[in-house]
Amino acid sequence: MRQESHNAKRSRLGKAVVGSGGRHRKSLRGKGPTPKAVDRVYHKAYKEKLEKEKRDFADPRLAARRRAQKYVKKNDELVIGRNAVLEALRAGVPSSDLYVAAHIEGDDRTREIIHLAAEKGLNILEADRLEIDRIARSENHQGVVLKTRPFEYSDLSELADKADAVFEATGKRQLFVALDGVTDAQNLGAVIRSAAAFHADGIILPERRSASVNAGAWKVSAGQAARMPVARVVNLNRAIEALQERGYYVVGLDGGGSADVGSTGFEMDPLVIVLGSEGSGLNALTRTKCDVIAGIPISQDVESLNASVAAGIALYATDQARRVAQQQD
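Given the structure is predicted, the values throughout are model-derived calculations rather than measurements.

## Let's talk about the overall build of the protein chain
Here is step 1: If you tally the helices and strands in the protein chain, you get 13 helices and 11 strands.
Here is step 2: Out of the 329 residues belonging to the protein chain, those deemed buried represent 39%.
Here is step 3: A fraction of 77% describes how many contacts in the protein chain between residues 6 or more apart in sequence connect residues 24 or more apart.
Here is step 4: Total accessible area on the protein chain is roughly 19800 Å²; 48% of this is exposed by carbon and sulfur atoms.

Encoded structure:
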């Protein structure tokens with residue numbers, strides 16, 4: 001006769017049946033989703049994956065890409081080509097690294113490039129042809145690539161405070177130049193140079209739809225980008241309003257203005273000169289923020305002036321008006 005189980009016997013006698021107490025719960029748990037074939041060490045796909053990784057690792061082009069990714073990031077500003085790199089180093093463009101192709105031909109330019117880079121304390125790194133192609137993101141680098149340092153922009157409110165302090169100490173009137181939609185870096189560099197020549201307190205750029213201070217702008221500025229502070233603002237019109245609240249007047253530079261530059265009546269006040277883009281001029285909303293629109297009298301045969309040329313003329317006219325007013329006082 002089969003022996004009656006302990007729990008069945010207890011149940012027949014009317015007593016409580018004792019369960020497992022969860023002792024077997026773990027054995028009932030699921031194992032989760034089935035791993036992919038390439039993740040199962042015993043599967044053919046896993047072995048094929050390992051073989052592919054070995055082939056990729058041995059591929060010199062992929063190896064060069066991996067090494068290049070350690071040197072430069074996607075947003076790094078690069079100068080490529082012997083003439084461009086040499087000009088950047090001569091102009092004092094702030095830089096961090098110089099990449100030179102292995103076995104590069106040693107002409108006068110490359111010797112001066114390496115000499116200037118060493119003199120400035122840059123990291124000089126040798127790279128093979130595939131690596132330097134990847135670093136430069138181009139094959140037209142002539143064996144040299146210069147990585148520049150990001151430009152350090154200023155805070156506009158701090159620049160305005162500094163301009164006020166200079167006025168209190170020396171009597172020099174506050175002057176800023178704002179660029180509305182100027183997207184060419186060389187034009188920006190030329191404006192920076194003119195602003196420095198005529199004693200401006202800073203340049204104002206919007207973050208969007210505007211050139212930035214890169215190596216090209218730095219070179220055209222002839223090194224003045226190191227001395228002329230540049231502020232980047234989220235919204236140019238709000239920045240203009242903030243300066244107007246501080247007592248600034250805003251002169252928009254555009255054709256068909258109601259006054260000529262240098263004769264607006266605001267020259268002896270804290271001043272912001274706003275320039276528009278070469279093609280479309282001032283933005284319609286920015287135009288409404290200006291206290292006056294001023295123009296430059298030019299020949300009818302010429303449609304408009306380059307933005308940087310117009311900036312230089314406007315700054316000169318403003319500086320001359322201030323000089324005359326001081327002499328009269």
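What follows continues from the structure just given.
## Description of unusual backbone geometry
Here is step 1: Even without being a glycine, histidine 199 presents a positive backbone phi close to 65 degrees.
Here is step 2: Positionally, histidine 199 belongs in the loop between helix H9 (185-197) and strand S6 (202-206).
Here is step 3: Among the residues examined, histidine 199 registers a relative accessible area of 42% and is labelled partly exposed.
Here is step 4: Phi is positive for arginine 209, close to 50 degrees, though the residue is something other than glycine.

## Things to note about the pattern of salt bridges
Here is step 1: This structure, assessed with the given rule, holds 13 salt bridges.
Here is step 2: In this structure, the salt-bridge partner of glutamate 112 is arginine 90, at a minimum N-O distance of 2.9 Å. Taken as a pair, glutamate 112 in helix H6 (residues 108-119) and arginine 90 in helix H5 (residues 82-91) lie far apart in primary sequence, 22 residues in all.
Here is step 3: Looking at glutamate 112, the relative accessible area reads 27%, which means it is partly exposed.
Here is step 4: With its nearest N and O atoms 2.8 Å apart, the salt bridge here joins aspartate 164 to arginine 246. Residue aspartate 164 is located in helix H8 (residues 156-170), and its partner arginine 246 is located in the loop between helix H11 (236-245) and strand S8 (249-253); the two are separated by 82 residues in the primary sequence.

## A look at the nonpolar core
Considering soluble globular proteins, one finds that nonpolar side chains tend to be buried as a cluster.
Here is step 1: Counting 51 residues, the largest nonpolar core has Val85, Leu146, Leu179, Leu188, Ile203, Val213 and Leu275 as its most contacted members.
Here is step 2: Here this core gets six residues from one element, more than from any other, and that element is helix H13 (residues 307-328).
Here is step 3: If near-sequence neighbours (up to four positions away) are discounted, valine 213 is found in contact with Phe151, Tyr153, Leu188, Ile192, Trp218, Ala225 and Val230.

## What to know about the layout of surface pockets
Here is step 1: Estimated volume of the largest pocket: approximately 450 Å³.
Here is step 2: Around the largest pocket, the lining comprises 23 residues; the ones closest to its centre are Leu253, Asp254, Gly255, Ser304 and Leu305.
Here is step 3: Of the residues belonging to the lining of the largest pocket, the class tally is nine nonpolar, 10 polar and four charged.
Here is step 4: Approximately 390 Å³ is the volume found for the second largest pocket.
Here is step 5: As for the second largest pocket, its lining consists of 17 residues, and the residues nearest its centre are Asp180, Pro206, Arg208, Arg209 and Asn283.
Here is step 6: Looking at the lining of the second largest pocket, the elements with two or more residues in it are H11 and helix H12 (284-289).
Here is step 7: Split by residue class, the lining of the second largest pocket holds five nonpolar, nine polar and three charged.

## Description of the side chain of threonine 264
Here is step 1: Take threonine 264: it is sitting in the loop between strand S9 (259-260) and strand S10 (271-276).
Here is step 2: Assessed through its relative accessible area of 15%, threonine 264 is described here as buried.
Here is step 3: There is a polar contact of 3.2 Å between the side chain of threonine 264 and the backbone nitrogen of phenylalanine 266.
Here is step 4: Only 2.7 Å separates the side chain of threonine 264 from the side chain of glutamate 267, close enough to count as a polar contact.
Here is step 5: With sequence-adjacent residues up to four places away left out, threonine 264 is seen in contact with Val251, Ala259, Val292 and Ala294.

## Structural notes on the sheet that holds strand S11 (residues 292-295)
Sheet strands associate in pairs through backbone hydrogen bonding, adopting either a parallel or an antiparallel arrangement.
Here is step 1: In space, the seven strands of this open sheet follow the order S7-S6-S5-S10-S8-S11-S9, with parallel pairing throughout. Each edge of the open sheet is held by one strand with a lone partner, namely strand S7 (230-233) and S9.
Here is step 2: Looking at chain direction, S8 and S11 are connected through three bridges and run parallel. Looking at the pairing, glycine 252 lines up with isoleucine 293 of S11.
Here is step 3: Along the sheet, H8 contacts strand S5 (175-180), S6 and S7; its crossing angle with S5, the most-contacted strand, is approximately 155 degrees.
Here is step 4: Seen against the sheet, H9 touches S5, S6 and S7 and runs at an angle of roughly 155 degrees to S6.

Conventions adopted
Counting restarts for each chain, with residues numbered from 1 along the sequence as it is written. Only residues with pLDDT of 70 or above have their local features reported here, since the model is predicted, and side-chain atom pairs are shown and tallied only from 80 upward, although totals for entire chains, interfaces and linings are computed over all residues. The basis for the side-chain values is all heavy atoms of the structure; hydrogens and waters are excluded. Working definition: helices are DSSP H or I runs of at least four residues, strands are E runs of at least two. Numbering for both runs from the N terminus. Burial here depends on accessible area, computed with a 1.4 Å probe over protein chains only, as a share of the maximum for the residue type. Under 20% is buried, over 50% is exposed, and the range in between is partly exposed. In what follows, residue pairs with any heavy atoms lying within 4.5 Å of each other are defined as contacts. Note that accessible areas follow from Shrake-Rupley with a 1.4 Å probe, and for residues the cover is restricted to the protein chains shown. Salt bridges are defined by distance alone: a side-chain nitrogen of Lys or Arg within 4 Å of a carboxyl oxygen of Asp or Glu. Remark: nonpolar core denotes a set of buried residues (Ala, Val, Leu, Ile, Met, Phe, Trp, Tyr, Cys) joined through side-chain atoms within 4.5 Å. Definitions used for this entry: grid spacing 1 Å over protein atoms alone; cavity, a set of points where a 1.4 Å probe fits but cannot get out; pocket, an open set with protein on both sides within 12 Å along at least 5 of 7 lines; lining residue, one with an atom within 4 Å of a point. Grid points are joined across faces, edges and corners, and a volume is the space filled by probe spheres set on the points. Under the grouping applied here, Gly and all other residues not named as nonpolar or charged are polar, the nonpolar ones being Ala, Val, Leu, Ile, Met, Phe, Trp, Tyr, Cys and Pro and the charged ones Asp, Glu, Lys and Arg. Here a polar contact is recorded for every N or O atom pair within 3.5 Å, except that within protein the pair must consist of a potential hydrogen donor and a potential acceptor, and residues adjacent in sequence are included only if both atoms are side-chain atoms. Two strands pair under a simple rule: DSSP has to find at least two bridges between them. Interaxial angles span 0 to 180 degrees and are taken between N-to-C directions of axes, which are lines fitted to C-alpha atoms, for helices over the stretch in contact.

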